[in-house]
Amino acid sequence: NEYYTYDTKIGIRDCVVGSIGSSEEVSVSVYKTGLEPEFIASYTQEGAYSDIRMIDGYVYLITNTTSDFYNQIKDVDDIDSYIPKYGCNGNDCFIPADDILIPEEERTNLSQISYTVIGGMNVLSDTPSENVNVKALADYTGTIYCSKDNLYAAAFTGEDTSITRISISEGNINPSASGKVDGYVLNQFSMSEYN
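Asks: Hey, could you run me through a nonpolar patch on the surface in this one?
Replies: There is a patch of nonpolar side chains on the surface, built from Phe-156, Tyr-184 and Leu-186 and spanning about 400 Å² of accessible area. The topology assignment puts Tyr-184 in the segment after strand S14 (172-182). Using a relative accessible area of 60% as the deciding quantity, one classes Tyr-184 as exposed.

Asks: Would you take a moment to explain the pairing of strand S6 (residues 85-88) for this structure?
Replies: The side chains of a regular strand alternate, first on one face of the sheet and then on the other. Judged from the three bridges that link them, strand S3 (residues 38-46) and S6 form a sheet pairing that is antiparallel. Residue pairing for S6: Thr-44 is matched across the bridge by Gly-87. Taken together, the four bridges between S6 and strand S7 (residues 91-94) define a ladder with antiparallel strand orientation. Paired with Lys-85 across the bridge in S7 is Phe-94. Connecting S6 to the antiparallel partner S7 that follows it, the hairpin turn spans two residues, and Asn-89 within it adopts a positive phi of roughly 50 degrees.

Asks: I'm lost on the sheet that holds strand S12 (residues 150-156) in this one. Help?
Replies: Two modes of strand pairing occur in sheets, parallel and antiparallel, and in both the strands are linked by backbone hydrogen bonds. Taking strand neighbours across the sheet as the criterion, the four strands line up as S11-S12-S13-S14 in an open arrangement whose pairing is antiparallel. A strand with exactly one partner marks an edge of an open sheet, and here the two such strands are strand S11 (143-146) and S14. Each neighbouring strand pair of the sheet contributes to a mean axis angle of 20 degrees, computed without reference to strand direction. Two elements, S11 and S12, share four bridges in a ladder whose sense is antiparallel. Note on S12: the bridge partner recorded for Thr-143 is Ala-154.

Asks: Help me understand the pairing of strand S5 (residues 58-66) in this model?
Replies: Of all nine residues in S5, seven are buried, a share of seventy percent or more. Pairing geometry for strand S4 (residues 48-55) and S5, over seven bridges, is antiparallel. Considered in S5, the bridge of Tyr-49 is made with Thr-63. Turn length for the S4-S5 hairpin, with the two strands adjacent in sequence and antiparallel, is two residues, and the turn residue Asp-56 shows positive phi of about 50 degrees. Pairing of S5 with strand S9 (residues 114-122) involves nine bridges; the strand directions are antiparallel. By the bridge assignment, Asn-64 is partnered in S9 with Thr-116.

Analysis parameters
Residues numbered from 1 in each chain as written. Predicted model: local features only at pLDDT ≥ 70, side-chain atom pairs only at ≥ 80, totals over all residues. Heavy atoms only, no water. Patch = residues over 30% accessible without salt bridge, like charges linked within 9 Å, V, L, I, M, F, W, Y side chains within 5 Å. Areas by Shrake-Rupley, 256 points an atom, 1.4 Å probe, with all protein chains shown as cover. Salt bridge = Lys/Arg side-chain N within 4 Å of Asp/Glu carboxyl O. Helix = DSSP H or I, 4+ residues; strand = E, 2+ residues; numbered from the N terminus. Buried < 20%, exposed > 50% of the residue type's maximum accessible area, 1.4 Å probe, protein only. Pairing = 2+ DSSP bridges. Axes fitted to C-alpha atoms, helices over the stretch in contact; angles between N-to-C directions.

This is the structure:
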């Protein structure tokens, strides 16, 4: 289990992040702090914990997950086998098709699909589990770098690295640019943002 705890500038909220048992799901729980902490809301996201960022009271949770092998999926309606889930206060739902970002270049000979799932929520709100924004990058798991306004996802695809820039602002997650460079990224500390 991994845990990340913080106090906001005014010290009224705590956020605890941890994996749930052996399942591939990560939970964010928001509490109002004081003599007796008060539970406010919870948010869960499918996948293994990758990273988390808090910017101006908004938390961005990043997880990685992989679908079942294609030959194990019996029916197209069995979306639990190939679409990631997220949920607020115990109400799970699948990421809508419009929120799954598909790479421009189709890769062949894949036996399953990997996703990086990004969820954004306002932990300072009285109802932080409402208006959660979620996106999934399909056919991707790799290195993440985050600045104040953008999140960069870099995935090595053989001889080059695909980089996707995702704008993050007030919990909103929007793809904004993509490109390729030769070689691979050593780690997140090998990335930065300038102009």
